Amino acid sequence: MPVYIRKHPLKIPLPSEKDWIKEDEEENFFLQDPDQTLDQLPQPFRMINKMVNLVFDQTLEIIEQREALRAAQKLKVQPTRYMPTGDFKVAGRANCLAASGKNIFVGLSTGLAAFSAADCRRVCSWEAAKFEICAIHASDLGNENHVLIALDEMGFAHLFYFCKDSLFLIKVLNEVEDISKRSTCEEVELSHGGSYAGVLLQGSTEAWLEIYRLPKDSWERETENAPGAAAAAAPAVQERMFSQASEMKSLELQREGSAEMETRMSTSKLGARLSLPMLLLKVRPPKPLSGSIFKSPLDALMKIDDGSVLGLGHNHMIKDCQLEQQDAIFHSTFKTYLERGSESDSKEVTPRHTMFHFIFPGRILQMGPEIKSQPEVPAGISVHWSGSHNLCLYLLTRPLKEKGDTELKPDAVWPCAALITCSAVSSCSSYLALACEDSTITVWNNCLGSPLGVTALPEGCLIRSIHFLPSPAAPKDQGLCPSGDPSHPKVQLLALCADGSLHLVAASWTGQSNTVLLAGRPQDPGQTINTVAPLLTFNGTVLVFSRDGTVSLIDTVMLQTICHLVTPPSYTVASPWQPVFALDTENQRLLLQGQEQQRADAVSQAKDNQSSIFLFDFNSHPLRDVFPKKLESPPESLQHQPWDKRCDIFLRNRQEHLLELSQQMPGCWSRLQKYAATLQKERQKK
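Analysis parameters
- Residues numbered from 1 in each chain as written.
- Predicted model: local features only at pLDDT ≥ 70, side-chain atom pairs only at ≥ 80, totals over all residues.
- Heavy atoms only, no water.
- Phe/Tyr/Trp six-rings, centres within 6.5 Å; stacked < 30°, edge-to-face > 60°.
- Helix = DSSP H or I, 4+ residues; strand = E, 2+ residues; numbered from the N terminus.
- Buried < 20%, exposed > 50% of the residue type's maximum accessible area, 1.4 Å probe, protein only.
- Patch = residues over 30% accessible without salt bridge, like charges linked within 9 Å, V, L, I, M, F, W, Y side chains within 5 Å.
- Areas by Shrake-Rupley, 256 points an atom, 1.4 Å probe, with all protein chains shown as cover.
- Salt bridge = Lys/Arg side-chain N within 4 Å of Asp/Glu carboxyl O.
- Lys, Arg positive; Asp, Glu negative; His and termini not counted.
- Charge placed at Lys NZ, Arg CZ, Asp CG, Glu CD.
- Pairing = 2+ DSSP bridges.
- Axes fitted to C-alpha atoms, helices over the stretch in contact; angles between N-to-C directions.
- Arc of directions from axis to C-beta.
- Contact = heavy atoms within 4.5 Å.
- Polar contact = N/O pair within 3.5 Å; in protein donor to acceptor, adjacent residues only side chain to side chain.

Going by the annotation in an unreviewed UniProt entry, the name recorded for the protein chain is WD repeat-containing protein 93, with Alligator mississippiensis given as the source organism.

Here it is as structure tokens:
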């Protein structure tokens, strides 16, 4: 083997430090493969080998960083972990929850079920084997009556009325006889008090929003006058669309007993004699701006209203050629700043999604004296479509003679400097917040019709959702709301960004606003925040749901985690990326769906299995001691109070404010009293 003979001489070399083999070459020298010089990888395989080794090295670095992060987390003081205070089982897979009054409504894979909030007893159910409820909204109407609107996986919106432990199916809102003309429902919403319902529908080429007025007073009279309505025959629409799951029903009836059998049999035949909701208006996306269709300025002026509010800008005299020239000048001037492919991005796309809220009477929507409004009934809606800069406001109290067609143009338009990504309305309906694509948040005072503050988050934060924290309602008297009054605290809201960071935004009456970072972008993807939910019954407390199934309670005042809400050891949070939960504000409880660990990793599960709903009662010990104090009741309007009562309230508030100042400065109040007593004695001597 003369080829593999070493190049070094065969004699023993003299001991010289210069000839010593270095440490990094020693292994290669003695363990070198003789065929390595001949078997070296050619290109591009050598480059691929380097890339694969680089991927492995980076993976090991990430693993080491996560292990170090977990080790550091174990060394920290962990928040207290609290187990559920109760639980109950539901037959089928629970997809959504809703708590209203003294009842809990569960959307199942086979229909809808109602439970009693006191003892978690199943009251009644509505079953349809081919329809799976995936979203549900409920509103308390008083006298233990509720209105529900449910959305199934097929895109049908079902309107229910719950009365006397029975469920009445009023109507399928997007039902049509010709299936080729059927529209799919994407989102449903109920107003506070159950006076109106909104559904977002999508057809083959367009989307639109329908608002219905619900005759809740008529339903209450009809159910009282007809006590046997629950056992009435089902309408033809139900016979066409729904089929009962007879096998599952018989098995459950055997388990639940004869008493439950009568209730379920009565609710399976839903009432068909209740009044139907009335379609109030149909809102379509605004048309893209195009060239003028008017031949003269007089024709354009005839289409313009009184000019008291801004519009969408369709009534103009700019021709198509002028718009094209302006577009060409703009692209040529800012060519270096525009991204490639802007021509394809500039094409108008029909909006397919919208976010809407019901607005209560205030100065945001200007209503004439001929329109009567009630303080507890919504007066309008705010709508903004995806990819739009405009927030459109529509009146719900417009007289029928002025309404005419159900397709209306907006009564007011609020243009924004950037695209609107999301919006929110406070629980007291006093504030409206808009989040734009440029990471700015604007908070509006609904009662005064003026902006409360504008806040900009750090650059690059794409706002995904915003939520108001509980705060006192805005005063309805403009004269009794001076700027900088210490009796009116800041309005706070949470902003959840796409990167998982959570920001606390505060806007004050003085116009100043600030932001606090509650949770930054986590290094561990499992700790990414998916959903947040403020607790309306506790001041500054927020529920935070992480991707790894962790449910945390965060105090936004002290900026710390209060505790963790955990499931039993044999259970995990079901679908932690989209948890199924509901907040029972009346009973101050959290309803959370759990899943057994042995079934959590299963590829497929039977639809008729049982789901576990865990209850976390915030009034129970020791959960009761970890929460901050409750909010004070909102200040009532003094407009209709007599002058003597106004003065008494004003003096009492001023006295409480002075007492707070004296507590903050100990000794100052006593010194002032001594000084006043000394002055009084000197005056008496003189």
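There is more to say, and it comes next.
Peer 1: Any chance you could explain the packing of aromatic side chains here in plain terms?
Peer 2: For any pair of aromatic rings, the description consists of the separation of the ring centres together with the inter-plane angle of the planes. Here the structure, examined in full by the defined rule, presents 11 aromatic pairs. With a centroid separation of 5.3 Å and an interplanar angle of 55°, the aromatic rings of tyrosine 161 and tryptophan 219 are classed as tilted. Highlighted residues: tyrosine 161 in strand E9 (residues 157-163) and tryptophan 219 in helix H3 (residues 216-225), separated in sequence by 58 residues. Of the two residues examined, tyrosine 161 and tryptophan 219, each falls in the buried class.

Peer 1: What exactly am I supposed to notice about a negative patch on the surface here?
Peer 2: Together, Asp57, Glu61, Glu64 and Glu67 make up a negatively charged patch on the protein surface. In this fold, glutamate 61 is placed in helix H2 (residues 45-75).

Peer 1: Can you walk me through the pairing of strand E4 (residues 103-108) in this structure?
Peer 2: Where a strand is regular, its side chains alternate between the two sheet faces. The element E4 is extensively covered by neighbouring structure, given that six of its six residues are classed as buried. Pairing between strand E3 (residues 94-100) and E4: six bridges, direction antiparallel. Each residue of the ladder has a partner; that of leucine 97, found in E4, is valine 106. Hairpin connection of E3 to E4: two residues between the antiparallel strands, including glycine 101 at a positive phi of 65°. As consecutive antiparallel partners, E4 and strand E5 (residues 111-116) are separated by two residues.

Peer 1: I tried to follow the sheet that holds strand E28 (residues 541-546) on my own but got confused; where do I start?
Peer 2: Sheet strands line up and pair through hydrogen bonds in the backbone, either parallel or antiparallel. Pairing is mixed across the open sheet formed by five strands, whose spatial order is E1-E30-E29-E28-E27. Two strands in the sheet have a free side with no partner beyond their single neighbour: strand E1 (80-82) and strand E27 (529-534). On average, each strand axis in the sheet is tilted by 30° relative to the strand beside it, whichever way the strands run. Where E1 and strand E30 (residues 560-565) come together, three bridges link them in parallel fashion. Counterpart to arginine 81 in the pairing with E30 is histidine 564.

Peer 1: I'm lost on the sheet that holds E5 in this one. Help?
Peer 2: The strand order across the open sheet formed by four strands is E3-E4-E5-E6, and the pairing between neighbours is antiparallel. The sheet is open, and its two borders are formed by E3 and strand E6 (122-127), each paired with just one other strand. Taking the axes of each pair of neighbouring strands and ignoring which way they run, one obtains an average angle of 15° across the sheet.

Peer 1: What's the story with the pattern of salt bridges in this structure? I'm lost.
Peer 2: Opposite charge on two side chains permits pairing when their charged atoms draw close. Across all of its chains, the model carries five salt bridges by this definition. The salt bridge partner of arginine 122 is glutamate 127, with a shortest N-O separation of 4.0 Å. Note on glutamate 127: relative accessible area 7%, which makes it buried. Arginine 589 is paired through a salt bridge with aspartate 584; the nearest N and O atoms lie 3.6 Å apart. Like arginine 589, the residue aspartate 584 is buried in the burial classification.

Peer 1: I keep staring at unusual backbone geometry and nothing clicks. Help me out?
Peer 2: Among all residues except glycine, the phi angle is most often negative; among peptide bonds, the trans geometry is most common. For glutamate 144, which is not glycine, the phi torsion reads 60° and is therefore positive. With respect to the element layout, glutamate 144 can be found in the loop between strand E7 (133-142) and strand E8 (145-152). Here serine 439, not a glycine, exhibits a phi torsion of approximately 65°, which is positive. Following the sequence through the fold, serine 439 ends up in the loop between strand E20 (431-436) and strand E21 (440-445).

Peer 1: So what exactly am I meant to see when it comes to H3 here?
Peer 2: Residues separated by three or four positions in an α-helix point in the same direction, a consequence of the helix having 3.6 residues per turn. The complete set of buried residues in H3 reads Ser218, Trp219 and Thr223. For H3, the arc enclosing every buried residue in end-on projection is 125°, short of the 170-degree limit, so these residues lie on one face. Opposite the packed face of H3, turned more than 90 degrees from it, sit the exposed residues Asp217 and Asn225. Where H3 is buried, its residues touch E8, E9 and strand E10 (166-172).

Peer 1: Even after reading the chapter, I still don't get the side chain of arginine 589, so can you show me in this structure?
Peer 2: Take arginine 589: it is sitting in strand E33 (residues 589-596). Polar contacts involving the side chain of arginine 589 include one to the main-chain carbonyl oxygen of alanine 117, which spans 2.8 Å. Not counting chain neighbours up to four residues away, the residues in contact with arginine 589 comprise Ile104, Ala117, Ala582, Leu583, Asp584, Leu615, Phe616, Asp617 and Phe618.

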